[in-house]
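# An overview of the molecular structure
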Amino acid sequence: MTNWSTRFFLRRKRLKRKFKMFETGSKPIRKRSDAWYEVESAEDILADILSRVPIKSLLAFKSVSKQWRRLIQSSTFIKLQLRWSLEKPNYLIYPYMDGLVNLYHMKGNGEIIEKITLFGCEDIYSLSLLCSCNGLLCFINYPFVPDSNRELVYLIDFDIRICNPATREVYLLPKGSPSEKKISIGVAFGPKPWEYKVFRFFHPKYDSDDIKCEVYSSITGSWRGIGDVQYCPIGILYCPLGSNHVYVNGKIYWFLPEEGDIITPGSILSVDIEENFKVISLPDEVTAHAFLVDLEGFLSLVAVYDDDQVVDVWILHDSNESNWEKKCSDYVPFSCVDSINFVAARKTEIFFITSDQYLIYNLDDGTWTELDFADDFESNLPVVLPYTESLLPCNGILGSEGEHNN
């Protein structure tokens, strides 16, 4: 617990002890604050106070009393906590370090808040972190073969896990349909904050030239085929340890490969929560060093160009039109664009990870800040994503809506 939450917890215990000490007969003499008693009696006020407390403290506070436990576990409180948490997002760094599944919760200034180890993932060799939304993460096994000198392979299937780092919960999705070739996936969250759909593109074994798509729904807890699709996104091999898609305001976006080049983006494929697909044109020619991010609720493109050592940031204000606005263009403070491992965004800043540096670019004033912990992690394709703590369940079922078997 933080110092504040520890004091808060101990103060609550002392109040309960004092209450018992001054009991006389059937009528207790209340020595605790009448104001605090009124706060605790009015659950909406108590919920508003507790909703701003870190998740680690909330999990401890569940043991304070039956009232607090019931309140913290209620769907109303979980939604209230998420609302406050979304106003102050941080970062989550996932450095691949000798197969250890450790996540690092980090503030925007580079301060590490907490190291997180996911229970149930300790013996799983090498996981790839795909996305983060509402405090939930999606992991898959990434396509490297152990003891093969990091040789890439075409992985035709992998396990998909939804994880909540704050509660340490991990949920393994059921297997999808068999595929003859490599597959691509993306995760859409909605329409309710705790619900999600996983889109999985695959090549059926009976006809490997066809591209089919199936969707896992957290509501049903099962996969459902939606038939043939015309396009298949750039696969996970394009970004072995990190995300190759982004979710923004109800839609997933992937890069589609340029004709004749499987790693250079040529356009963008989108799908909404109602499973409607659309192709969006890029604003300009880009290299393989291009990334899709969420900037203040808008789909944005971050493209670094080899020749000029320049980064361009484009924003798509209307996802129904391919009219891009160039937000900014600036020189990058690193020399080898081939070393760019990952790019993510939070509010009005963009986080770059290279083989040697961790850098944050501020869009408001055009400044670069280098974070001083590159030596703390091995340079094996680390991933960073925006992150907000939540109490949301990993199976996508909240409150009395029922439960799936894990």
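In this report, we go over the structure that sits alongside the text. (Residues numbered from 1 in each chain as written. Predicted model: local features only at pLDDT ≥ 70, side-chain atom pairs only at ≥ 80, totals over all residues. Heavy atoms only, no water.)

### Overview of the environment of Leu86
Quick reminder of the rule: Runs of E in the DSSP output that reach at least two residues are strands. Runs of H or I that reach at least four are helices, and both are numbered from the N terminus. When a residue's accessible area, from a 1.4 Å probe over protein chains only, is under 20% of the maximum for its type it is buried; when over 50% it is exposed; and in between it is partly exposed. When checking whether two residues touch, look at their non-hydrogen atoms; a contact exists if any pair is within 4.5 Å.
Relative to the helices and strands, Leu86 is located in the loop between helix H6 (75–85) and strand E3 (90–94). Assessed through its relative accessible area of 42%, Leu86 is described here as partly exposed. Remark: the alpha-carbon pair of Leu86 and Ser390, spanning 304 residues in sequence, is separated by 9.0 Å. For Leu86, the residues in contact, after removing those within four places along its chain, are Asn134 and Thr388.

### Considerations on the pairing of strand E4 (residues 102–106)
What counts, and what does not: By this definition, two strands are paired if DSSP reports at least two bridges between them.
Of all five residues that make up E4, five are buried, and the element is covered over most of its length. Both faces of E4 are covered, namely the face carrying Asn102, Tyr104 and Met106 and the face carrying Leu103 and His105. Summarising the sheet, E3 and E4 pair through three bridges and their orientation is antiparallel. Looking across to E4, one finds that Leu92 is bridged to His105. The hairpin formed by E4 and strand E5 (residues 112–117) contains five residues between the paired strands, and Gly110 there has a positive phi angle of roughly 95°.

### Section: the state of the cysteines
For the record, the criterion: To count as a disulfide, a pair of cysteine sulfur atoms needs to be within 2.5 Å.
Tallied over the full model, the rule gives zero disulfides. This cysteine, Cys394, is not joined by any disulfide, and Cys163 carries the nearest cysteine sulfur, 6.1 Å off.

### Regarding empty space enclosed by the protein
Where we set the bar: Only protein atoms enter the 1 Å grid used here, on which a cavity is any set of points holding a 1.4 Å probe that cannot leave and a pocket is any open set flanked by protein within 12 Å on both sides along at least five of seven lines; residues with an atom within 4 Å of a point are listed as lining. Grid points are joined across faces, edges and corners, and a volume is the space filled by probe spheres set on the points. Polarity classes work like this: nonpolar for Ala, Val, Leu, Ile, Met, Phe, Trp, Tyr, Cys and Pro, charged for Asp, Glu, Lys and Arg, and polar for all others, with Gly in that last group.
Under the counting rule described, the total for this entry stands at two cavities of 30 Å³ or more. Together, Asp157, Phe158, Asp159, Ile160, Leu173, Pro174, Lys175, Gly176, Arg200 and Trp223 line the largest cavity. Taken together, the residues of the lining of the largest cavity sort by class into five nonpolar, one polar and four charged.

### Some words on the sheet that holds strand E19 (residues 298–305)
For clarity, the threshold we go by: Note on definitions: angles span 0 to 180 degrees between N-to-C directions of axes, and those axes are lines fitted to C-alpha atoms, for helices only across the stretch in contact.
Within the open sheet, the four strands sit side by side as E18-E19-E20-E21. Their pairing is antiparallel. At either margin of the open sheet sits one strand with a lone partner, and together these are strand E18 (290–295) and strand E21 (324–331). This sheet shows a mean twist of 25° between the axes of neighbouring strands, independent of strand direction. Judged from the seven bridges that link them, strand E20 (residues 310–316) and E21 form a sheet pairing that is antiparallel. Looking at E21, one finds that Val310 is bridged to Tyr331.

### Side note on the nonpolar core
Quick reminder of the rule: Each nonpolar core is a collection of buried residues, namely Ala, Val, Leu, Ile, Met, Phe, Trp, Tyr and Cys, held together in the definition by side-chain atoms within 4.5 Å.
By size, the foremost hydrophobic cluster in this structure holds 87 residues, and its most contacted members are Leu50 and Phe351. Core analysis: the second largest hydrophobic core is formed by 19 residues, Val293, Ile350, Tyr361 and Leu363 among them.

### Here we look at the layout of surface pockets
Of the voids in this model, the largest pocket is the one considered here, and its volume is about 840 Å³. The wall of the largest pocket is formed by 37 residues, among which Ser132, Tyr247, Asp294, Ala345 and Pro386 lie closest to the centre. Looking at the lining of the largest pocket, the elements with two or more residues in it are strand E6 (127–133), strand E14 (245–248), E18, strand E22 (340–346) and strand E26 (383–387). The space that makes up the second largest pocket amounts to roughly 460 Å³. What lines the second largest pocket is a set of 20 residues, among which Pro54, Ile55, His105, Ile113 and Glu389 lie closest to the centre. Of all elements in the fold, only helix H4 (55–61), H6 and E5 reach the threshold of two or more residues within the lining of the second largest pocket. If one sorts the elements of the lining of the second largest pocket by residue count, H4 sits on top with three residues. Considered class by class, the residues forming the lining of the second largest pocket number six nonpolar, eight polar and six charged.

### Concerning the sheet that holds strand E16 (residues 261–272)
One open sheet accounts for four strands, arranged E14-E15-E16-E17; its pairing is antiparallel. At either end of the open sheet lies a strand with only one pairing partner, and these are E14 and strand E17 (277–281). On average, adjacent strands in this sheet sit at an angle of 35° to one another, irrespective of strand direction. Inspection of the sheet shows E16 paired to E17 by five bridges, in the antiparallel sense. From the neighbouring strand, Val271 faces E17, where its bridge partner is Phe277.

### Here we look at the packing of aromatic side chains
Threshold: Note on aromatic pairs: the rings of Phe, Tyr and Trp (six-membered ring only in Trp) are paired at centre separations within 6.5 Å, and the planes decide the class, stacked below 30 degrees, edge-to-face beyond 60, tilted for the rest.
Taken as a whole and assessed by the stated rule, the structure comprises 13 aromatic pairs. With a centroid separation of 6.2 Å and an interplanar angle of 55°, the aromatic rings of Phe189 and Tyr196 are classed as tilted. By the burial criterion, Phe189 is buried, and Tyr196 matches it. Ring centres of Phe201 and Trp254 lie 5.2 Å apart, and the angle between their planes is 90°; on these two criteria the pair is classed as edge-to-face. Here Phe201 is found in strand E11 (residues 196–202), whereas its partner Trp254 is found in strand E15 (residues 251–258), with 53 residues between them in sequence.

### Some words on unusual backbone geometry
The phi torsion of most residues other than glycine is negative, and most of the peptide bonds are trans. Geometrically, the link from Gly190 to Pro191 is a cis peptide bond, its omega value of 0° lying close to zero. Note on placement: Pro191 falls in the loop between strand E10 (184–189) and E11. Although it is not a glycine, Arg168 sits at a positive phi angle of roughly 65°. Its location among the elements puts Arg168 in the loop between strand E8 (160–164) and strand E9 (169–172). A positive phi angle is found at Asn249, which is not glycine, with a value near 45°. Mapping Asn249 onto the fold places it in the loop between E14 and E15.

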